[in-house]
Amino acid sequence: MAFRSGSSETTDAALWKRALDLLARREYSRSELARKLAQKGAMPAQVAAVLDGCAAQGLQNDARFAEALVTSRVRRGQGALRIRRELAERGVAEALIEAALAQAGVDWCALARDVCRRKYGPEPATDWPERARRARFLGYRGFGADAIREALAEATGEPR
């Protein structure tokens, strides 16, 4: 079965090769991979068949993708809220997102403190504008209110 994509003709084998080429570079969620393959003009049935084949052979797995993304984002110093949103945008099921975040075993408060310390140094925030600036930064990085409060309490020298 062949389909038209612009001026070149592409077959199921070419679509399979494209999927393998993409997966050889990095992990993709099923949704991301489907979008990439569909951009080449593939029919939905062809894309579904290739994705099912990749999953059956263990080449594509949303749980593995979620674990890899969580690990990568934690190393970058991003919080659970931002990671959760990114995984959802990439089409990962909520149950897989929760499982990947739980499996990571990250202490989000400790990570927020570390990120704050690396960005602003060990000196405490001396006034409210500085405290608000640090809170905005941590919020943007995807940390929840508890983690932000914990990080700022250490940064201002307040008791927890």
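## Here's the deal with the pattern of salt bridges
Thought 1: The full count for this structure, using the stated rule, is 14 salt bridges.
Thought 2: With a closest N to O distance of 3.0 Å, Arg90 and Glu86 form a salt bridge.
Thought 3: Between Arg113 and Glu150 there is a salt bridge whose closest N-O contact spans 3.1 Å. One end of the pair, Arg113, is in helix α7 (residues 108-120); the other, Glu150, is in helix α9 (residues 145-156), and 37 residues separate them in sequence.
Thought 4: Judged by its relative accessible area of 15%, Arg113 falls in the buried class.

## Remarks on helix α5 (residues 80-89)
Thought 1: Within α5, the full set of buried residues consists of Ala80, Arg82, Ile83, Glu86 and Leu87. Axial view of α5: buried residues confined to an arc of 165 degrees, hence all on one face.
Thought 2: If you follow the buried residues of α5, they end up packed against α4 (62-75), α6 (94-104), α7 and α8 (128-140).
Thought 3: Gly91 sits one or two positions beyond α5 and adopts a positive phi of about 85 degrees.

## Points about the confidence of the model for the chain
Thought 1: Across the chain, pLDDT averages 88, with 90% of residues at or above 70.
Thought 2: Every residue in residues 1-9 scores below 50 in pLDDT, and together they form 19 contacts with partners more than four places removed in sequence or on other chains.

Conventions and cut-offs
- Residue positions are given per chain, counted from 1 along the sequence in the order it is written.
- Totals for whole chains, interfaces and linings use all residues, but because this is a predicted model, local features are given only for residues with pLDDT of at least 70 and pairs of side-chain atoms are given and counted only at 80 or more.
- Side-chain measures here rest on the full set of heavy atoms in the structure, leaving out hydrogens and waters.
- Within this document, salt bridges are pairs made up of a side-chain nitrogen of Lys or Arg and a carboxyl oxygen of Asp or Glu, the two lying within 4 Å of each other.
- Under the scheme used here, helices are H or I runs from DSSP no shorter than 4 residues and strands are E runs no shorter than 2 residues, and both carry numbers assigned from the N terminus.
- For each residue, the accessible area found with a 1.4 Å probe, counting protein chains only, is set against the maximum for its type, and the residue is called buried under 20%, exposed over 50%, and partly exposed in between.
- Note: the arc covers the axis-to-C-beta directions of the helix.
- The contact rule is simple, with two residues in contact once any of their heavy atoms fall within 4.5 Å.
- Residue-level confidence of the predictor is summarised by pLDDT, bounded by 0 at the bottom and 100 at the top.

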